[in-house]
Amino acid sequence: MRRRSLHCASILALAAGALILTDCSTTQTRISEHPDLYRNISRRDQALINQEQIRIGMSRPAVWLAWGSPDRRIIGNMNGTSTETWIYTYYASCPYCPYQRLDEYFGAPLYDPFCYSWFPPSIPYPGKLVTFARGKAMSFQYVKSH
């Protein structure tokens, strides 16, 4: 019985790891897996894709080749035209420095669950956004790194 549960747990862990790793693709792997998409894109856009950049007027497949699959998609409407916004989520790890305030009754530091965490807290934020109308990128934003 114990061996069977260990076997099931290892299969589940392997499947979860495969699911996580299959979503991690680079621009070059997307291009090599879909050469037909890349060939049908203009040379100007191919140069931008190779630099992981996009431009206004770029098609959805070209943006996908440059930036990959979005984490979220938002459907909307702007001036009677249907739009779709792709959101790419980034995560920031912030160092946590608890202030050691003493407990007024016992004189010991207060319990802080983040202080004893194995993993530092990470904060999700939208790192890139691109909005499409009529199949073309009409606006985009990204967080500029320092």
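Preceding block: the structure.
Rules behind the numbers
- Here the residue numbering is sequential within each chain, running from 1 through the sequence in written order.
- For a predicted model such as this one, the threshold for reporting local features is a pLDDT of at least 70, and the threshold for listing and counting side-chain atom pairs is 80 or more; totals across whole chains, interfaces and linings nevertheless cover every residue.
- The side-chain figures draw on all heavy atoms in the structure; neither hydrogens nor water molecules are used.
- The rule for pairing is simple: two strands pair if DSSP sees at least two bridges between them.
- Starting at the N terminus, helices and strands are each numbered in turn, a helix being any DSSP run of H or I of at least four residues and a strand any DSSP run of E of at least two.
- Lines are fitted to the C-alpha atoms to define the axes, a helix being fitted only along its stretch in contact, and any angle between axes, read from their N-to-C directions, falls within 0 to 180 degrees.
- Salt bridges are defined as contacts in which a side-chain nitrogen from Lys or Arg sits within 4 Å of a carboxyl oxygen from Asp or Glu.

A.B. asks: Give me the lowdown on the sheet that holds strand β2 (residues 81-93), citing residues and values where you can.
C.D. replies: Judged by pairing direction, the sheet is antiparallel, and its four strands sit side by side in the order β1-β2-β3-β4 without closing on themselves. Pairing within the sheet leaves two strands with one partner each, and these edge strands are β1 (72-78) and β4 (136-142). Taken over all neighbouring pairs, the strand axes of this sheet differ in orientation by 25° on average, direction set aside. Pairing between β2 and strand β3 (residues 122-133): 11 bridges, direction antiparallel. Residue pairing across strands places Glu84 opposite Phe132, the latter belonging to β3.

A.B. asks: Explain the pattern of salt bridges to me, and be specific about the residues and the numbers.
C.D. replies: This structure, assessed with the given rule, holds three salt bridges. In this structure, Arg55 engages Asp45 in a salt bridge whose closest nitrogen and oxygen atoms are separated by 2.6 Å. One end of the pair, Arg55, is in the loop between α4 (43-50) and α5 (60-67); the other, Asp45, is in helix α4, and 10 residues separate them in sequence. Close ionic contact of Glu84 with Arg60 constitutes a salt bridge, the shortest N to O distance being 2.4 Å.

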